[in-house]
Amino acid sequence: MPVRITPSILNADFANLQREIERIPDADLLHIDVMDNHFVPNLTIGLPVVDSLLKITEKPLDIHLMIDDPDRWAPGYAEAGARSVSFHAEAVKAPVRLARELRAQGARASLGLKPATPIEPYLDLLTEFDQILIMTVEPGFGGQKFLDAMLPKIRRTREAVKATGADIWIQVDGGVSESTIAQCAEAGADTFVAGSAVFSAENPDAMVNALRDKAVAACH
Ligand SMILES: O=C(CO)[C@@H](O)[C@H](O)COP(=O)(O)O
Ligand SMILES: [Fe+2]
């Protein structure tokens, strides 16, 4: 199973994003946390910053929208050139319509689930998505403790994805570090967001590779 490490820039130096991105050349994608202070109690960046990042990096951008009304805002990120756009199940009005719109614009469509949101209502819709993002902390902040109560949800999602035969990535986000990534990979995740683990490391790129090695060892 291919493994992808997607560092979150939430814990990077926002005044020097270009320099921060250059510190992680081995990252597979860059995870960008967009927060609106409504869906989550925190406010970060939006489309203008994403537009600027698209100009300074060749890395594919993996946008994580923690915002109300993604039906209205998500297509703009796909249109701008994001590789992947996650919107939250708890905020979206028409998940299938939005996923199809994102795909039509050439982006991967990803459904995000907060810790208390089950995957079960979406099992018959899985092939409408290219990725399921399972939050392993309450969304809103970096540096929180990994919720290992999410492991059964990762396992159930992997089983269901397997049954579809489709190439749907399972992403985990929140508290992923050298000490938690193996459990996630064993449970069936293949795409790993890591914010503080990467950007608080002395050598962030070495951490990207260490995380990947641990995930690969756990799922093979
Ligand atoms: O979406 C979020 C938080 O809401 C994440 O992407 C965090 O930014 C991950 O940070 P760490 O938990 O890895 O420090
Ligand atoms: Fe995120």
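Residues numbered from 1 in each chain as written. Chains lettered and ligands numbered in written order. Predicted model: local features only at pLDDT ≥ 70, side-chain atom pairs only at ≥ 80, totals over all residues. Heavy atoms only, no water.

Trainee: How should the overall build of the protein chain be read in this particular structure?
Mentor: Looking only at helices and strands, the protein chain has eight helices and eight strands in total. Expected size for 220 residues packed as a compact globule is a radius of gyration near 17 Å; at 16 Å, the protein chain falls within 12% of this value. The principal-axis extents of the C-alpha atoms in the protein chain amount to approximately 45 × 40 × 30 Å. A burial count over the protein chain gives 56% of its 220 residues as buried. Within the protein chain, residue pairs in contact and separated by at least 24 positions form 63% of the contacts whose partners lie at least 6 positions apart. Positive and negative side-chain charges in the protein chain, numbering 21 and 31 respectively, have mean positions lying 3 Å apart. (Helix = DSSP H or I, 4+ residues; strand = E, 2+ residues; numbered from the N terminus. Rg over C-alpha atoms; globule rule 2.2 N^0.38 Å. Buried < 20%, exposed > 50% of the residue type's maximum accessible area, 1.4 Å probe, protein only. Contact = heavy atoms within 4.5 Å. Lys, Arg positive; Asp, Glu negative; His and termini not counted. Charge placed at Lys NZ, Arg CZ, Asp CG, Glu CD.)

Trainee: Looking at this structure, I do not really get the sheet that holds strand β2 (residues 30–35). What am I missing?
Mentor: Sheet strands associate in pairs through backbone hydrogen bonding, adopting either a parallel or an antiparallel arrangement. Within the open sheet, the eight strands sit side by side as β1-β8-β7-β6-β5-β4-β3-β2. Their pairing is parallel. Unpaired on one side and paired on the other, β1 (4–7) and β2 mark the two borders of the sheet. Between one strand axis and the next, the sheet turns by 25° as a mean value, whatever way the strands run. In this structure, β2 lies alongside strand β3 (residues 61–66), joined through six bridges in parallel fashion. Residue pairing across strands places methionine 35 opposite methionine 66, the latter belonging to β3. The strands touched by helix α2 (residues 47–56) within the sheet are β2 and β3, with β3 carrying the most contacts at an inclination of about 170°. The strands touched by helix α8 (residues 204–219) are β1 and β8 (191–194); relative to β1, the strand with the most contacts, the crossing angle is about 145°. (Pairing = 2+ DSSP bridges. Axes fitted to C-alpha atoms, helices over the stretch in contact; angles between N-to-C directions.)

Trainee: So what exactly am I meant to see when it comes to the packing of helix α3 (residues 70–80) against helix α4 (residues 95–104) here?
Mentor: Each pair of packed helices gets described by two things: the angle between the helix axes and the distance between those axes. Relative to each other, α3 and α4 sit at 15°, their axes nearing to 9 Å. Classified by the interaxial angle, the pair formed by α3 and α4 is roughly parallel. Where α3 crosses over α4, the two elements pack in a sense that is right-handed. Contacts between α3 and α4 involve Pro70, Asp71, Ala74, Pro75 and Ala78 on the former and, on the latter, Leu98, Glu101 and Leu102. Residues that form the contact of α3 with α4 fall into these classes: six nonpolar, no polar and two charged. (Parallel < 35°, antiparallel > 145°, perpendicular 65-115°, else oblique. Left-handed = near helix turned anticlockwise from the far one by under 90°. Nonpolar A, V, L, I, M, F, W, Y, C, P; charged D, E, K, R; others polar.)

Trainee: Would you mind going over the pattern of salt bridges with me for this structure?
Mentor: As a working rule, side chains carrying opposite charge can pair if their charged atoms are close by. The full count for this structure, using the stated rule, is eleven salt bridges. A salt bridge links glutamate 20 to arginine 23, with the shortest nitrogen-to-oxygen separation between them at 2.9 Å. Judged by its relative accessible area of 6%, glutamate 20 is buried. Lysine 214 serves as the salt-bridge partner of glutamate 178, at 3.6 Å between the closest nitrogen and oxygen. Placement of the pair is glutamate 178 in the loop between β7 (169–173) and α6 (181–187) and lysine 214 in helix α8, with a sequence separation of 36 residues. Residue class for lysine 214 comes out partly exposed when judged on its relative accessible area of 36%. Through salt bridges that share partners, Arg4, Arg158 and Asp190 make up one connected network. (Salt bridge = Lys/Arg side-chain N within 4 Å of Asp/Glu carboxyl O.)

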